[in-house]
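A closer look at the structure
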Amino acid sequence: MKLLTYAINKKELTGVLNREGTFVYPLSAAGMEYRTMKEVIREIGPSELELLDHISGLPPYEVSNAAPLEDIKIMAPIPVPDQDIICLGINYLAHAEESARFKKEAFSKPDQAVYFSKRVNRATDPGDGIPSHKELTSHLDYEAELAVILKKDAKDVALEDVEDYIFGYTIMNDVSAREVQTAHRQWYFGKSLDGFTPLGPWIVTADSVEFPPKLRIQSRVNGELRQDSNTEQFIHGIAEVVSELSRGMTLKAGTIIATGTPAGVGMGFDPPRFLKPGDVVECMIEGIGTLKNPVVE
């Protein structure tokens with residue numbers, strides 16, 4: 001099941017995509033008055049999710065205020081996250097190798113997960129522009145990533161229990177200014193410029209995806225395939241990551257964890273192939289969909 005945040009007639013709503021992927025049904029059609037996706041994540045119950053799944057299978061003429069997909073503006077599913085996004089660095093082996101090559105460092109497989117955070121004042125909606133920030137970077141890069149969203153507070157979670165804490169999954173493009181990232185010897189600033197977090201197009205609920213996820217993940221720039229891997233290639237899996245982090249901090253409901261990117265980013269080519277205004281980046285994950293954004297001045 002796919003849940004989304006969308007706008008119609010200048011009003012922001014939460015809804016469910018119908019099974020054909022052609023219409024969106026507002027949650028209010030099921031008698032639910034959740035105003036934001038954050039409220040849905042924190043408060044929705046199993047019986048309500050079952051009802052939404054049922055409604056998603058109905059024809060549009062049976063659902064109040066059903067709207068064709070082409071008539072709505074799809075927004076980032078969580079437009080304003082409550083906290084920074086937790087990110088994993090070099091979590092695919094081939095990307096770890098290309099990253100070391102770009103930085104002219106000796107390669108070694110990371111024994112421990114590499115964590116960093118990404119500031120998101122406002123997530124970038126599907127279809128909206130990624131600002132080039134040309135005053136700061138000429139090494140603008142893309143990273144297709146599977147993002148995990150937690151449905152309840154997680155503290156001291158055992159490996160075998162992590163699945164019970166997951167609300168669903170979406171796609172994130174971890175846009176990066178590479179020379180800013182390397183100049184500061186940490187990744188926060190170079191990953192956190194305004195507009196650097198395209199997110200969406202919706203959340204696929206956890207019950208729709210096997211655990212751990214084994215999903216094909218790709219990116220394309222101007223239609224050219226750049227990244228092509230599978231989330232089963234994680235060096236550090238979702239259960240390991242959530243369990244480890246929850247031993248030292250409480251992960252609040254609504255926490256977004258970006259699980260890293262596979263090989264094929266711009267810095268991995270020789271010579272590097274960075275983004276420029278006019279380029280169009282598509283991040284695709286099997287079973288979720290496509291997140292598409294142009295680069296703008």
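None of the values given here were measured: they were computed from a predicted structure.

1. Considering the side chain of threonine 124
- Topologically, threonine 124 is positioned in the loop between strand S7 (114-118) and strand S8 (130-131).
- With a relative accessible area of 7%, threonine 124 lands in the buried category.
- Ignoring sequence-local partners within four residues, the contact set of threonine 124 consists of Ala76, Gly129, Gly195, Phe196, Thr197, Pro198, Leu199 and Asn293.

2. With respect to the environment of valine 120
- Mapped onto the elements, valine 120 comes out in the loop between S7 and S8.
- In this structure, the C-alpha to C-alpha distance between valine 120 and glutamate 244, residues 124 residues apart in sequence, is 23 Å.
- Excluding anything up to four places from it in sequence, valine 120 contacts Pro81, Asp84, Ile85 and Thr197.

3. Some thoughts on the pattern of salt bridges
- By the definition in use, this model includes 18 salt bridges.
- Residue aspartate 82 is joined to arginine 42 by a salt bridge in which the shortest nitrogen-to-oxygen separation is 3.6 Å. Taken together, the positions of aspartate 82 in the loop between strand S5 (73-74) and strand S6 (85-89) and arginine 42 in helix H1 (residues 37-43) put the pair 40 residues apart, joining distant regions of the chain.
- Taking the relative accessible area as the measure of exposure, aspartate 82 reaches 54% and is therefore exposed.
- A salt bridge links aspartate 125 to arginine 122; the shortest N-O distance between them is 3.1 Å.

4. A word on the nonpolar core
- In this structure, Leu4, Ile72, Ile166, Tyr169, Ile238 and Ile288 are the most contacted members of the largest nonpolar core, which totals 55 residues.
- Counting residues per element, this core draws most heavily on helix H6 (residues 238-248), at 5 residues.
- For leucine 4, the contacting residues outside a window of four places in its chain are Leu13, Thr14, Gly15, Val16, Leu17, Val24, Met37, Ile72, Ile74, Pro201 and Trp202.
- Of all hydrophobic cores here, the second largest spans 31 residues; its members include Tyr25, Tyr34, Val40 and Ala258.

5. Brief notes about the environment of valine 295
- By secondary structure assignment, the location of valine 295 is in strand S18 (residues 289-296).
- On the basis of relative accessible area, valine 295 is assigned to the buried category, the value being 3%.
- Taking the C-alpha atoms as reference points, valine 295 and phenylalanine 116, 179 residues apart in sequence, are found 24 Å from one another.
- Apart from residues lying up to four places away in sequence, valine 295 is in contact with Ile130, Ser132, Leu140, Leu275, Lys276, Pro277, Gly278, Asp279 and Val281.

6. Points about unusual backbone geometry
- Residue proline 201 is reached from glycine 200 by a cis peptide bond, and omega for that bond is 5°.
- Among the structural elements, proline 201 can be located in strand S13 (residues 199-205).
- The backbone of histidine 133 sits at a positive phi, close to 50°, despite the residue not being glycine.
- Positionally, histidine 133 belongs in the loop between S8 and strand S9 (140-141).
- Phi at arginine 185 takes a positive value of approximately 60°, unusual for a residue other than glycine.
- As for its placement among the helices and strands, arginine 185 is situated in the loop between helix H4 (178-183) and helix H5 (188-191).
- Among the residues examined, arginine 185 registers a relative accessible area of 78% and is labelled exposed.

What counts as what
Residues numbered from 1 in each chain as written. Predicted model: local features only at pLDDT ≥ 70, side-chain atom pairs only at ≥ 80, totals over all residues. Heavy atoms only, no water. Helix = DSSP H or I, 4+ residues; strand = E, 2+ residues; numbered from the N terminus. Buried < 20%, exposed > 50% of the residue type's maximum accessible area, 1.4 Å probe, protein only. Contact = heavy atoms within 4.5 Å. Salt bridge = Lys/Arg side-chain N within 4 Å of Asp/Glu carboxyl O. Core = buried A, V, L, I, M, F, W, Y, C linked by side-chain atoms within 4.5 Å.

These values are about where atoms sit, not about what they do.
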